[in-house]
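One letter stands for each residue in the lines below.
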Amino acid sequence: MRAVATARGTATALWSRVWGGRPPGGWLSSFGVLIGLVMVLPVWYVVWRSAFAGAERWLRLLDDRVPSLLWSTLSLAGAVTVLAAIAGTLLAILVHRTDLPGRRVWRWLFAVPLAIPPYVGAMAYIVVFGPRGWLMRWTGSTPLDMYSFAGALFVLTVFTYPYVYLVVGAAISRLGGTHEEAARSLGLGPVAALRRVTVPMLRPAIGAGAILVALYVLSDFGAVAMVRYTTFTSAIYYQMGGFDTASAMVLSVVLIALTLIVLFAEGVTRRRMRVTGHTTSRPAEAFSLGRWKGLALALSAIVGAISVAVPVAVLAYWSWIGAGLGAFDDRFWRFAFNTLQVAGLAALLSMVAALPVVYLRSRHPSVVSSLIEKLAYAGYALPGVIVAVGLIAFGVRHVPLLYGTAGMLALAYVVRFAPQAMQSAGASLALVSPKVDEAARIQGLSPGGVLARVIVPLTLPGTLAGGALVFVSAIKELPATLLLRPIGFDTLAVRVWVESSEAVYHLAAPPALLIVAMSVLPLKLLLDRFGKD
Amino acid sequence: MRSLISIRAWRSVLVALVAVLALAGLAACGTGAPEPVSTEEAPDTAAEATGELIVYSSRNERFVDPLLEKFSADTGIEVRTLHAGDTVVNKLVEEASRPLADIVIANDIGMLEHLRLNGILTSPGAVDGIDSIEDRFRAVDDSWVALSARTRVFIYNKDLITEEEMPTTVWELTDPKWDGMFAITRGGNSGMIGHVSALRNEWGDEQTEEWIEAVKDNAGAITEGHGDIRRAVGAGEFAFGLVNNYYYHQQLREPEDNNVGVIYPDQGADEMGAVVNAAGVGVVAGGPNEVSTRIFLEWLLLPENQREFSFASLEVPVNPEIEAVEEARPISDYRIQGMPLSELGEVWEDTRSLIERAGLDMELR
Amino acid sequence: MADIELRDVTKIYPGASTPAVDSLSLSVDHGHIVTLLGPSGCGKTTTLRLVAGFERPDAGSVLIGGAVVAGPGAWVPPERRDIGMVFQEHALFPHLDVAGNVGFNLPKNDRSARVDEVLDLVGLTGFERRMPHEISGGQQQRVALARALARRPVVVLFDEPFASLDADLRVSMRAELRRILKAAGTTAVFVSHDQSDALAISDTIVVMRDGRIEQVGTPREVYQFPHTRFVADFVGRTNLFEGRIGTDGRSVETEIGSASCRHTHSLPPGTPVVVSVRADSLELDAEGPIVGRVKETTYTGRAIDAVVEVERADGTTRDVMVHAHPEQVVVCGDIVRFRVLPDFVAVIEE
């Protein structure tokens, strides 16, 4: 008896020590651990299953399929990243540092492509540049072969540059003008100062934006599949159509490794480049464009046209035609309702899951809580295809009651997107001093009471904003939706995919337009979030 | 002050949004998620009609939905369908321990036979009307039935090439004189896989590999699917292309770019004949609605519904009793290559690796 | 010859109703250290930025080394003005190491020798390969100074250089900075809102208010003999008394009695004036002529700041700030006597 008691005492002491002497309540820590486990589950299951693929299959794939996929994936990711970094940085400088006429409007417009899912953009540009597209019909030739590397490069660059644009723009605002003035006082002209001081100082921001782009390209399925360019994600998806699921698992593991390498690179750059913010610094002087003004305006107009006006016009045109042909019928609204349902459920679950994770991390910092947080982010950077493959394999075997339901699909969205809610709720919580919790305890609230009556109300705006981001991401999600949707349960994204792959644009455009319209709404949230970084 | 007001306005928008989300979410929890039917209850209810049928389909949904709607109207059985392209294969394999589907509709007999060989399909027992389909178009245990045939043909643009100039055999595609003039699909296309399987059966692996290597270099384009080929040939981008015959019929119905012709290859007395594949339905082993499944099969084998099945896609009915679409030659009308369709399943994986080995990309890249 | 000269310079920011700098004239001699001192919004930073070339004057002209760099029809951009500048938060380039910062934009042939030289001057030899975030705040300041000096500018401008340093470091950096500037023989202009920084480092202090110069003088002059109420109040705390110039012309008759005064601006006797009497110049003395009751004391270590209630001739009372030596014992309610030392009494022209 005594031995047991001692052992229990030691375990309790150890548990307390792990939490730095402030262990959280039992239900809170178990809930946190549970969330961490659920979030890492699909990835873990893919890796686990790949271990049973057999050495022969591994070798065959590594020998043959993997090198060519590595080449097609990395060359695309590399090229898109470089182009998006250049375009995003240039546009950010143009908007934030010059006297470009109409800066306020451009500033928003250049961020709008973020609301257009790349697969919708790909569809729009197949309509314009495709082999039987508008340009072909009007002029008999097309400047761009959409079904090629160039097509994939074009579409992905146009719809991912805003990541770099927003991160760099925020960094420029934070940087202020002092360093440039220092360079001027050291004998550099304005352009030389920009080039030799400001741009190098923006490098961490450019790198951070570029990594977002690279991660996106690695995870994109819809756009590359629509322009029929094969990367890991589309290869895995089509492998799901073959009989050889184990190969899909193996390819998934390689893609997970690629993603981890990119994330690791991000960690390294973030550690090396530490630029201190200058809160007191005055804003930098805007460059006078002088005789370049016309050129800069033309460039902005072209970017705005390519990344916003043309795709929206294509969608509007075909939606108009579709409306005439009865595209907005009961079916359409059922798909819209399905989408709202499952995305709403995902947003709700994400907000519920976010709170304990960020609360443990902020109020009970320890190895355990940071591990939970890391696990919770596992699905975030990973392609939806992999999350879906993992959830199918796990769900059908171990949670048959959930498998094949909208709940399963919502779970996939939670795994992929809940970290957005966590970031947002975490940022809110960081503004609430732990002293507030202590004051509430002194006033007689239990720990649960503090959570319910202080923390939840105070972090609600951030959590809701995070939920909205999850909602929009879920509306746009394609690969996991294709693989996990319940029988007879199509969403708007699925309809865009199905109809556009049949070139039935009058039925593909209305759901695409609705997706874009819903995604524009929380754009302000995104701009604010990047602004705060 | 202004920014404060706008923040407040924004917040109220958010709150409204989330309220909607919450309602939608609760609804999804309650009614939206279709209740999976547990197999544990199956033994008791097996003999009763459940009033429901679950169909997985890899065929174009436009061909399938009208047929299934007609079935619901005729029988009162509600049909729920998952149109998921080729990924239905993976779904069926993953779900083998706990099947959700009753019926699988596939575009390719190789796929159905492969599922059968993996124990995913089961015999429906005796089904009225099944004799209307020849043995060679059915699984040995009747677990799948082919209903509509597609034949591998050349579609050609009459503005660019005459019938006399066209090649008459598939082997002729290796001739350098056709360099860049025709289009084929990627190697992973199920029509292409079926075709190559037949060529292996006819020529052996070595000659088939030789054919693939030459044809992939000779082809002016390698496309994702056959729809691209018919549109491209119709628009005059290529003189001709290798497609399934109904793509020719589809192109004829286009309002423009429809001056196309068709060649059924290898029709000479000592030649192998045109390669045929078929679309059909399979019966999923352990599916939740056994009675509905049987009702569906018997309904589908009624002549009018067999006709519906093939007419929607402009394919040719496998049952020679049923008239073909207008321009189509009935299947009894021409020479066809002799490999039984059921053999497609066994050689499926081998054929895929042979195509890959010969250098024809399975996916476009 | 003046290294820097401002002639009637006016700067009005767009949208502002009053000028930030209002027809200001100033010249800074070669080798001098000048501080522009004043509260925030007084125009001192704008003046510095006008000299640096980060702002353009709306009227008047700026001359550096005798040449007009800004004025009607003339404009020399900052990079060609031969100035060095040390910024408030140092503005070191975070992507370059110490040597890279100091050698930034130096001609290649001379670079490493010059970097060694100025790093030696600021006492940072051996720190060449450190990154800015790896060195302390004081070291960052020295690097910023070395960088500003490296190109041998005519003048080095300092924008609140001590603002980001903590109290101890600031005291030692003031002395260090003055030593380095004198060793380099450089002309320097500081901007500060802190009187103790200004007093410690400058040869000349320019007190500014509302875009105009209030007083120019040595630290001693500005502290001992403020010309205006504003200067008297801003540079150290003071007691202001109303009175008249005494009949001898060398004293002032104030509300609390007569005080001798060396700095009467030669005003005729009987002229009504205001005098500033520093707390330091009121000495507790049992024999002193002025009597009062202690209302408040604050022990600061270096002195005892006492507020003493003094009765005026007409029977009303007023408070006077007095500094007592820290060894003395001053208790609230005590009746004390004190006298006025002559040195820190200044007549302010009204």
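Residues numbered from 1 in each chain as written. Chains lettered and ligands numbered in written order. Predicted model: local features only at pLDDT ≥ 70, side-chain atom pairs only at ≥ 80, totals over all residues.

Engineer: It is not clear to me how the overall build of chain B should be interpreted in this structure. Could you clarify?
Structural biologist: Looking only at helices and strands, one finds twelve helices and ten strands in chain B. For chain B, buried positions account for 50% of its 365 residues. Within chain B, counting contacts between residues at least 6 apart in sequence, those at least 24 apart form 78% of the total. (Helix = DSSP H or I, 4+ residues; strand = E, 2+ residues; numbered from the N terminus. Buried ≥ 20, exposed ≤ 12 C-beta atoms within 10 Å, placed from the backbone. Contact = placed C-beta atoms within 7 Å.)

Engineer: Explain the domain arrangement of chain A to me, please; I cannot follow it from the model alone.
Structural biologist: Reports often express the size of an interface as the amount of accessible area lost when the parts come together. Residue and element names in this part refer to chain A. Domain parsing of chain A yields domain 1 (24-48 + 325-533) and domain 2 (54-311). Opposite the 30 residues of domain 1 that make contact, domain 2 presents 31 residues. Elements represented by at least two residues in the side of domain 1 that touches domain 2 include exactly α2 (26-50), α16 (384-398), α20 (479-484), α21 (492-501), α22 (505-520) and α23 (523-532). Top element by residues in the side of domain 1 that touches domain 2 is α22. It accounts for seven residues. Partitioned by chemical class, the residues of the side of domain 1 that touches domain 2 number 24 nonpolar, four polar and two charged. (Domains from an automatic or database assignment. Nonpolar A, V, L, I, M, F, W, Y, C, P; charged D, E, K, R; others polar.)

Engineer: Would you mind showing me how to read the interface of chain C and chain A here?
Structural biologist: Opposite the 19 residues of chain C that make contact, chain A presents 19 residues. Considering each element in turn, the side of chain C that touches chain A owes the most residues, three residues, to strand β7 (residues 83-86) of chain C. Grouping the amino acids of the side of chain C that touches chain A by side-chain chemistry returns ten nonpolar, five polar and four charged.

Engineer: Mind showing me how you'd approach the domain arrangement of chain B here?
Structural biologist: Residue and element names in this part refer to chain B. Domain assignment breaks chain B into domain 1 (50-149 + 277-328) and domain 2 (150-276 + 346-358). Once you take the C-alpha centre of each, domain 1 and domain 2 turn out to be 27 Å apart. Residue assignment for the side of domain 1 that touches domain 2 shows that the elements contributing at least two residues are α5 (109-117) and β9 (276-283). Sorting elements by how many residues they give to the side of domain 1 that touches domain 2 places α5 first, with four residues. A breakdown of the residues in the side of domain 1 that touches domain 2 according to their chemical character gives seven nonpolar, five polar and three charged.

Engineer: Would you mind showing me how to read the sheet that holds strand β21 (residues 345-348) of chain C here?
Structural biologist: Two strands in a sheet stick together by hydrogen bonds in their backbones, pointing the same way (parallel) or opposite ways (antiparallel). Residue and element names in this part refer to chain C. Pairing within the open sheet is antiparallel, and its five strands lie in the order β14-β13-β12-β15-β21. Looking at the sheet topology across the chains shown, the edges are occupied by β14 (257-260) and β21. In this sheet, neighbouring strand axes are inclined to one another by 40° on average, regardless of whether the strands run parallel or antiparallel. When strand β12 (residues 238-245) meets strand β13 (residues 251-254), the two strands line up antiparallel, connected through three bridges. Bridge pairing in β13 places R244 opposite E253. (Pairing = 2+ DSSP bridges. Axes fitted to C-alpha atoms, helices over the stretch in contact; angles between N-to-C directions.)

Engineer: Please clarify how the arrangement of the chains should be interpreted in this entry.
Structural biologist: By number of contacts, the leading pair among the two pairs of chains in contact is chains A and B. Of all C-alpha pairs spanning chain B and chain C, none lies closer than 20 Å, and the two are not in contact.

Engineer: For this particular structure, what's the right way to read the environment of W497(A)?
Structural biologist: By the secondary structure assignment, W497(A) is in helix α21. Leave out the neighbours within four places in its chain, and W497(A) touches G222(A), L478(A) and L482(A).

Engineer: Looking at this model, I keep getting lost on helix α4 (residues 137-150) of chain C. Mind explaining?
Structural biologist: The periodicity of an α-helix, 3.6 residues per turn, causes residues three or four places apart in sequence to face the same way. Residue and element names in this part refer to chain C. Its 14 residues place the ends of α4 20 Å apart at the C-alpha level, agreeing with the 20 Å of an ideal helix rising 1.5 Å per residue. With eleven of its 14 residues buried, α4 lies for the most part within the structure. Of the positions making up α4, those classed as buried are Q140, Q141, R142, V143, A144, L145, A146, R147, A148, L149 and A150. Among the structural elements, β7, α2 (98-102), α3 (108-121), β8 (155-159) and α5 (167-184) are those in contact with the buried residues of α4. Just beyond α4, the residue with positive phi is R152, at close to 50°. (Expected span 1.5 Å × (residues − 1).)

Engineer: Just to check I follow, could you spell out the packing of helix α3 (residues 55-97) of chain A against helix α9 (residues 190-219) of chain A for this structure?
Structural biologist: Two numbers describe a pair of packed helices, the interaxial angle and the distance between the axes. Residue and element names in this part refer to chain A. Running from N to C, α3 and α9 point in directions that differ by 140°, and their axes come no closer than 9 Å. The orientation of α3 with respect to α9, classified from their angle, is oblique. Where α3 crosses over α9, the two elements pack in a sense that is right-handed. Every residue of α9 that contacts α3 at T73, L76, A77, V80, T81, A84, A85, G88 and T89 is listed here: L202, I206, G209, A210, V213, A214, V217 and L218. Its residues placed into classes, the contact of α3 with α9 shows twelve nonpolar, five polar and no charged. (Parallel < 35°, antiparallel > 145°, perpendicular 65-115°, else oblique. Left-handed = near helix turned anticlockwise from the far one by under 90°.)

Engineer: Hey, could you run me through the sheet that holds strand β6 (residues 74-75) of chain C in this one?
Structural biologist: Across the sheet, five strands lie side by side as β2-β1-β4-β5-β6 (chain C); this open sheet has antiparallel pairing. This sheet does not close on itself; its edge strands, each paired only once, are β2 (21-29) and β6 of chain C.

Engineer: Honestly, the packing of helix α14 (residues 330-363) of chain A against helix α17 (residues 406-430) of chain A in this entry has me stumped. Any pointers?
Structural biologist: All names here are of chain A. The interhelical angle for the contact between α14 and α17, taken along N-to-C directions, is 45°, at an axis separation of 6 Å. By the criterion of interaxial angle, the relationship of α14 to α17 is oblique. Crossing of α14 against α17: the hand is right-handed. Taken together, the residues of the contact of α14 with α17 break down into 24 nonpolar, four polar and one charged.

Engineer: Whenever I open this one, the pairing of strand β4 (residues 59-64) of chain C confuses me. Can you help?
Structural biologist: In the case of a regular strand, side chains alternate between the two sheet surfaces. Residue and element names in this part refer to chain C. As paired strands, strand β1 (residues 2-11) and β4 are joined by five bridges and run antiparallel to one another. Bridged to E5 within β4 is L63. For β4 and strand β5 (residues 67-71), the ladder comprises three bridges, and the chain directions are antiparallel. Residue pairing across strands places I64 opposite A67, the latter belonging to β5. Turn length for the β4-β5 hairpin, with the two strands adjacent in sequence and antiparallel, is two residues, and the turn residue G65 shows positive phi of about 55°.

Engineer: What is the right way to look at α9(A) in this model?
Structural biologist: Where α9(A) bends most, at R203(A), the angle is about 45°, and the proline P204(A) comes one to four residues later. Across the 30 residues that make up α9(A), a large majority, 21, are buried. (Bend = angle between axes of the 7 residues up to and from the residue.)

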